[in-house]
Amino acid sequence: MQDVTTEKKEFTPTIVAFCCNWCSYAGADLAGSSRLTYPANVKIIRVPCSCRVNPMFVLKAFQQGADGVILCGCHPGDCHYVTGNYYTRRRMALLYSFLNYMGIEKERTRVEWVSAAEGARFAAVMNDFVKQVTDLGENKRLTDLRVKEGE
Amino acid sequence: MQRIGVFICWCGSNIAATVDVEKVAEVIKNEPGVVFSTNYQYMCSENGQQLIKQAIKEHNLTGIVIGACSPRMHEATFRKAAEAAGLNPYMVEVANIREHCSWIHKDMEEATEKAVILVRTAIAKVKLNAPLTAGESPVIKRALVIGGGIAGIQAALDIADAGFEVDIVEKNSTIGGRMAQIDKTFPTLDCSACILTPKMVDCAQHEKIDILSYSEIEEVKGFVGNFSVKIRRKARYVDETKCTGCKLCMEKCPSKKGLNEFNMNLNTRTAIHIPFAQAIPNVAVIDASQCLKMKTGKCGICQKFCDVGAIDFEQKDTFIDRQYGAIVVATGFKPIDLDNFNEYGYHDNKDVVTSLELERLMNAAGPTNGVLLRPSDGKHPKVITFIQCVGSRDTSGCGKPYCSKICCMYTAKHAMLIREKYPDTEVHVFYIDVRTPGKNYDEFFRRAVEQYGVDYIKGMVGKVYNENGKLMVQGSNLIDNEQITIESDLVVLAAAIEPEPSVRKIATLLTTSIDTNNFLTESHAKLCPVESPTAGVFLAGVCQGPKDILETVSQASACAAKVIGLLVKDKLKSNPCVAMPDEMMCNGCSQCANVCAYGAISYVDKEFRLGGGKTEVRRVASVNPAVCQGCGACTVTCPSGAMDLKGFSSKQIMSEVEAICKM
Ligand SMILES: Cc1cc2nc3c(=O)[nH]c(=O)nc-3n(C[C@H](O)[C@H](O)[C@H](O)COP(=O)(O)OP(=O)(O)OC[C@H]3O[C@@H](n4cnc5c(N)ncnc54)[C@H](O)[C@@H]3O)c2cc1C
Ligand code: SF4
Ligand code: SF4
């Protein structure tokens, strides 16, 4: 993206956030309408429920050069689809150990429960996660070299 | 080849002030597949929509991306516009460049860069969108109201008056709810029963309303327009069709020690009873835990005296199944337990009562026949101290963090009524803040102070203890900055209110959500306050948040309007973004059905051609699109990757991931 990007200054991680349409996506909307800031490198993908997120998507993100992936769903017990977030929790627990096995720091992924009413929490979680990933530095383990070729 | 059109909205200055909208539209022109890109002040406006429609036709667009506010806001608007121009409404994607971009970033360059990426991500997705058609399902023209308090009563009456059948399912033996327990009502001080009971009678007499009292919801299946509900009719041991409400049984029943719940356990009642004189239905119920016949086998006196032979000790719970198009939840509230608040001595002193208990102590049909006497010795209390916010606005974790909203008003009411009836009584009120917004509300409170001389003390109470038969209320007076102790005869606690606990079960059955305080969550805090996030389920009364009667009734009528709006429709459009298996890949393993919370997946045997004239019969998954809610749980569970979700397919999400990561 030569036209808008200025040359690389300090490291700003690329972060993909999967947000459930019913809670955290709305929480992010609330953060927006409350004008609460968090870094621009967080980009949100809307999913109907956190349980729609296939661990493959997370791996794909890392492979494509993401430095951190965060998954946000409804609080346990509050899933719009009754039990979706429980599946998410279990699947992500498995994914953590898999990432560990592959040598990707566990701190690069996170699951957070953020309700539609928690705009402030959404911003706080994002700020915190971005800081955490920035501290870890660039994700080199799973980068598909073809992706970064252009640099 | 897809022909994509991109429309970047300024949202006045909401987006344009931090995102260089012209530049975004310009940069996006070079994206592969994009044949048209523009920007406009208000895309959602009539002119903006016209612009979209025109571009779709002129440029023969196969998909469009709108860079604007949250899709939760205007996705539906843009889909309609697309449809009007002949484009499938599901060939539309919205890039959220307001809530997720312009509003949270300050730096124009940074925000513009992000907006470009967000729009590219939406383009990547829309290229993989497929036209979808919403299915249609019929609407059952009958509504269910859960809870027969004033909220449920009002909603039922309004819906029934519009000509639709309504069932009220009430867990108690009578409808009426908390309002039936209240003596007089603020801000007008009219008698609660006098305004409530006519409405209860209207319900009973309405040909469209069926009251299922002493009943609870057991199971809910289906979806908006087509719910199927299993109702448990609890055994009341009295035949509802025969009992005439003569109360002869109540006179004769020898078991008189059961606590009277209606009077907040301040006195006792017989095992067979009708909670209060105006109960609807006016039918007795036997409390099995108190009934001698049921406990020991000896007695049966009521049966002997009942002229119509209504008593039936053999009665069992029965279940009925009913179908509904819409459901109203109106399960109300209860005052909190005061176990965490030992400092007020509620459990140790009979003369420390809650406000709801005071309502019964002041009510003509209450345990003292309306004469205010203290519970310990039946004497007239001369000094009464009220304590506000007991467990409300409490962030310590002992109580509730929210304001219960009604206590300031009812305490002013109690203080005034007492001073009016017993002018020699001294009334003190400890308060943190007095909050009385509302028409004629502040005037009402001021009357208590100015006209009735109620002593309002700003400050918290540290403790209440008994000294020589007097209740000592020790607190601070923040205005005079001193510690004070008031010797009182009666202490009244304005206990916080919380949702009726069974609401958790109801929420689970209805797959709708509740907040951290157990209040049911509305679909949008401001714009959809009576809709739950689950289509076809509506919320009325205190189950959604603290309210007084006026607000409860307004909300109930609003609910009814929504229900009527739904029931007048003959057919509903269903969400086409549902799961669909690739039958060639599915091996019928059953994993997907196990995770589906809605039972949308079944398995069918299908014949497949293998080539060479051979065929094979295999078991494959089949999703019922009317039942699937589109959560996607099954898609991730499927080990063969056969299950996918329309509108949120794996390919689409992967392409979004790619677009975000590609720099
Ligand atoms: C001490 C006190 C004084 C008050 N004074 C006033 C006043 O003067 N003026 C005023 O405007 N407001 C007053 N209020 C507020 C008023 O009581 C409420 O606004 C009103 O009762 C709310 O009605 P509702 O129908 O939402 O709930 P409720 O009255 O609680 O009714 C809920 C009904 O649903 C039933 N139910 C619950 N769960 C289930 C279930 N799972 N299945 C089936 N049925 C179920 C309950 O049995 C009940 O009948 C006072 C409140 C208190 C506590
Ligand atoms: S049988 Fe039970 S309800 Fe009837 S009179 Fe005896 S104790 Fe009362
Ligand atoms: S998407 Fe959700 S609701 Fe639909 S079939 Fe799959 S698991 Fe069931």
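All values derive from a computational prediction rather than experimental measurement.

**Looking at the interface of chain B and chain A**
By a widespread convention, an interface's size corresponds to the accessible area lost as its parts come together.
Right, on to step 1. Each partner contributes residues to the interface: chain B has 52 residues there, and chain A has 50 residues.
Right, on to step 2. For the pairing of chain B and chain A, the buried interface totals around 4,600 Å² over both sides, and the portion due to carbon and sulfur atoms is 63%.
Right, on to step 3. Interface area lost by chain B to chain A is led by R72, H100 and V636 of chain B, which between them contribute 13%.
Right, on to step 4. The salt bridge involving K60 of chain A is made with E658 of chain B; its shortest N-O contact spans 3.1 Å.
Right, on to step 5. Our count for the contact surface shared by chain B and chain A stands at 16 residue pairs in polar contact (both at pLDDT 80 or more).
Right, on to step 6. At the level of secondary structure, the elements contributing two or more residues to the side of chain B that touches chain A comprise α1 (21-28), α3 (71-84), α4 (98-102), α5 (108-126), α16 (591-595), α17 (633-637), β34 (643-645) and α18 (650-661) of chain B.
Right, on to step 7. Among the residues making up the side of chain B that touches chain A, the classes are represented as 23 nonpolar, 16 polar and 13 charged.

**Quick word on the site of ligand 1**
All names here are of chain B.
Right, on to step 1. As a matter of local geometry, ligand 1 sits amid 36 residues, with E170, R178, F186, K413 and I549 nearest to it.
Right, on to step 2. One of the side-chain nitrogen or oxygen atoms of N172 is found 3.3 Å away from an oxygen atom of ligand 1.
Right, on to step 3. At a separation of 2.8 Å, an oxygen atom of ligand 1 approaches a polar backbone atom of F186.
Right, on to step 4. About the coverage of ligand 1: the protein hides 98% of its 1,000 Å² of free accessible area.

**Points about the sheet that holds strand β23 (residues 455-458) of chain B**
Residue and element names in this part refer to chain B.
Right, on to step 1. Taken together, the five strands give an open sheet; going across it, the order is β20-β27-β21-β22-β23, and neighbouring strands pair in parallel fashion. Each edge of the open sheet is held by one strand with a lone partner, namely β20 (352-354) and β23. Averaged over all neighbouring strand pairs, the angle between strand axes comes to 25°, with direction disregarded.
Right, on to step 2. One ladder, built from three bridges, connects β20 with strand β27 (residues 490-495); its direction is parallel.

**Quick notes on the site of ligand 3**
Right, on to step 1. Around ligand 3, the surrounding shell consists of A579, C596, Y598, A600, I601, C628, Q629, G630, C631, G632 and C634 of chain B.
Right, on to step 2. Class assignment for the residues of the shell around ligand 3 results in eight nonpolar, three polar and no charged.

**What to know about helix α11 (residues 355-362) of chain B**
Right, on to step 1. Within α11 of chain B, eight of the eight residues are buried, leaving the element largely enclosed by the surrounding structure.
Right, on to step 2. Residues of α11 of chain B that are buried: S355, L356, E357, L358, E359, R360, L361 and M362 of chain B.

**With respect to helix α13 (residues 441-450) of chain B**
Every α-helix winds through 3.6 residues per turn, so residues three or four apart in the chain are directed the same way.
Residue and element names in this part refer to chain B.
Right, on to step 1. Listing the buried residues of α13 in full gives Y441, F444, F445 and A448. Along α13, the residues classed as buried sweep out an arc of 95° about the axis, all on the same side.
Right, on to step 2. The elements touched by buried residues of α13 are α12 (407-421), β23 and α15 (549-567).

**Details of the packing of α5 of chain B against α18 of chain B**
Residue and element names in this part refer to chain B.
Right, on to step 1. At a minimum axis distance of 8 Å, the contact between α5 and α18 shows a crossing angle of 150°. Comparing their axes, α18 and α5 come out roughly antiparallel. Note that α5 runs across α18; the crossing there is right-handed. Here I117, R120, T121, A124 and K125 of α5 come into contact with α18, specifically with Q652, S655, E656, A659 and I660.
Right, on to step 2. Partitioning the contact of α5 with α18 into residue classes produces four nonpolar, three polar and three charged.

**Quick notes on the sheet that holds strand β3 (residues 68-73) of chain A**
Residues and elements named next belong to chain A.
Right, on to step 1. With respect to topology, four strands assemble into an open sheet ordered β2-β1-β3-β4, the strand pairing being parallel. Each end of this open sheet is capped by a strand with a single partner; those strands are β2 (42-47) and β4 (109-113). For this sheet, the mean angle separating the axes of adjacent strands, direction not counted, is 20°.
Right, on to step 2. Relative to β3, strand β1 (residues 15-20) is paired through five bridges, and the arrangement is parallel. Within the sheet, the bridge partner assigned to A17 lies in β3 and is I70.
Right, on to step 3. Against the sheet, helix α1 (residues 24-33) contacts β1, β2 and β3, and its axis sits at roughly 110° relative to β1.

**Some details on the pairing of strand β24 (residues 461-467) of chain B**
Two faces belong to every sheet, and in a regular strand the side chains alternate between them.
All names here are of chain B.
Right, on to step 1. Inspection of the sheet shows β24 paired to strand β25 (residues 470-477) by six bridges, in the antiparallel sense. Bridge pairing in β25 places K463 opposite Q474.
Right, on to step 2. Where β24 folds back onto β25 in an antiparallel hairpin, the turn is made up of two residues, including N468, whose phi is positive at roughly 50°.

**Here's the deal with the state of the cysteines**
Right, on to step 1. Taken as a whole and assessed by the stated rule, the structure comprises one disulfide over all chains.
Right, on to step 2. Note on cysteine connectivity: C191 of chain B is disulfide-linked to C194 of chain B, with sulfurs 2.3 Å apart. Residues C191 of chain B and C194 of chain B share a disulfide whose torsion about the S-S bond is about 90°; that sign makes it right-handed.
Right, on to step 3. Judged by relative accessible area, which is 24%, C191 of chain B ranks as partly exposed.
Right, on to step 4. Judged by relative accessible area, C194 of chain B falls into the partly exposed class, the value being 49%.
Right, on to step 5. A disulfide-free cysteine, C72 of chain A has its sulfur positioned 4.4 Å from the sulfur of C19 of chain A, the nearest such atom.

**Looking at the packing of aromatic side chains**
All names here are of chain B.
Right, on to step 1. For the coordinates displayed, the defined rule picks out ten aromatic pairs over all chains.
Right, on to step 2. Centre to centre, the rings of F186 and Y441 are 5.6 Å apart; their planes meet at 85°, and the pair counts as edge-to-face. Of this pair, F186 sits in the loop between β8 (184-185) and β9 (190-191) while Y441 sits in helix α13, and the two are 255 residues apart along the sequence. By the burial criterion, F186 is buried, and Y441 matches it.
Right, on to step 3. Taken together, a centroid distance of 4.5 Å and an interplanar angle of 20° make the contact between F262 and F276 stacked. Pair noted here: F262 is in the loop between β13 (258-259) and β14 (268-269) and F276 is in the loop between β15 (272-273) and β16 (285-286), with a separation of 14 residues, a long-range link.

**Details of unusual backbone geometry**
All names here are of chain B.
Right, on to step 1. At the junction of F186 and P187, the peptide bond is cis and its omega measures out at -5° in the coordinates.
Right, on to step 2. A positive phi angle, near 65°, is found at N440, a position not held by glycine.
Right, on to step 3. Inspection of the secondary structure puts N440 in the loop between β22 (426-431) and α13.
Right, on to step 4. Among the residues examined, N440 registers a relative accessible area of 45% and is labelled partly exposed.
Right, on to step 5. Even without a glycine there, the phi angle at N481 is positive, about 55°.
Right, on to step 6. Structurally, N481 can be placed in the loop between β25 and β26 (482-488).
Right, on to step 7. On the accessibility criterion, N481 (68% relative accessible area) is exposed.

**Examining the packing of helix α6 (residues 150-161) of chain B against helix α7 (residues 192-205) of chain B**
All names here are of chain B.
Right, on to step 1. In the contact formed by α6 and α7, the axes pass within 10 Å of each other and the chain directions differ by 50°. The angle between the axes of α6 and α7 places the two elements in the oblique class. The hand of the α6/α7 crossing is left-handed. Listed contacts from α7 to I150, I153, Q154 and L157 of α6 are L196, K199, M200, D202 and C203.
Right, on to step 2. Here the residues of the contact of α6 with α7 are counted per class, giving six nonpolar, one polar and two charged.

**Quick look at the confidence of the model for chain B**
Right, on to step 1. Summarising the model, chain B shows a mean pLDDT of 95, and 100% of its residues fall at 70 or more.
Right, on to step 2. We note a pTM of 0.76 for the whole complex and an ipTM of 0.91 for its interfaces.

**What to know about the domain arrangement of chain B**
Right, on to step 1. Along its sequence, chain B is carved into domain 1 (4-126), domain 2 (142-234 + 317-332 + 500-567), domain 3 (248-305), domain 4 (334-498) and domain 5 (579-646).
Right, on to step 2. Taking only C-alpha atoms, the centre of domain 4 of chain B and the centre of domain 5 of chain B are 62 Å apart.

**Digging into the nonpolar core**
Right, on to step 1. Grouped together as the largest cluster of nonpolar side chains are 52 residues, with contacts concentrated most on V16 and F18 of chain A together with I601 and M643 of chain B.
Right, on to step 2. In this view, V16 of chain A contacts K43, I45, A61, A66, G68, V69 and I70 of chain A together with I660 and C661 of chain B; residues no more than four positions away in its chain are not counted.
Right, on to step 3. Core analysis: the next-biggest nonpolar cluster, separate from the first, contains 43 residues, V6, V27, V92 and C101 of chain B among them.

Cut-offs used in this document
Residues numbered from 1 in each chain as written. Chains lettered and ligands numbered in written order. Predicted model: local features only at pLDDT ≥ 70, side-chain atom pairs only at ≥ 80, totals over all residues. Heavy atoms only, no water. Contact = heavy atoms within 4.5 Å. Buried area = accessible area lost by both parts, 1.4 Å probe. Salt bridge = Lys/Arg side-chain N within 4 Å of Asp/Glu carboxyl O. Polar contact = N/O pair within 3.5 Å; in protein donor to acceptor, adjacent residues only side chain to side chain. Helix = DSSP H or I, 4+ residues; strand = E, 2+ residues; numbered from the N terminus. Nonpolar A, V, L, I, M, F, W, Y, C, P; charged D, E, K, R; others polar. Near = heavy atom within 4 Å. Areas by Shrake-Rupley, 256 points an atom, 1.4 Å probe, with all protein chains shown as cover. Pairing = 2+ DSSP bridges. Axes fitted to C-alpha atoms, helices over the stretch in contact; angles between N-to-C directions. Buried < 20%, exposed > 50% of the residue type's maximum accessible area, 1.4 Å probe, protein only. Arc of directions from axis to C-beta. Parallel < 35°, antiparallel > 145°, perpendicular 65-115°, else oblique. Left-handed = near helix turned anticlockwise from the far one by under 90°. Disulfide = S-S within 2.5 Å. Phe/Tyr/Trp six-rings, centres within 6.5 Å; stacked < 30°, edge-to-face > 60°. pLDDT = per-residue confidence, 0-100. Domains from an automatic or database assignment. Core = buried A, V, L, I, M, F, W, Y, C linked by side-chain atoms within 4.5 Å.

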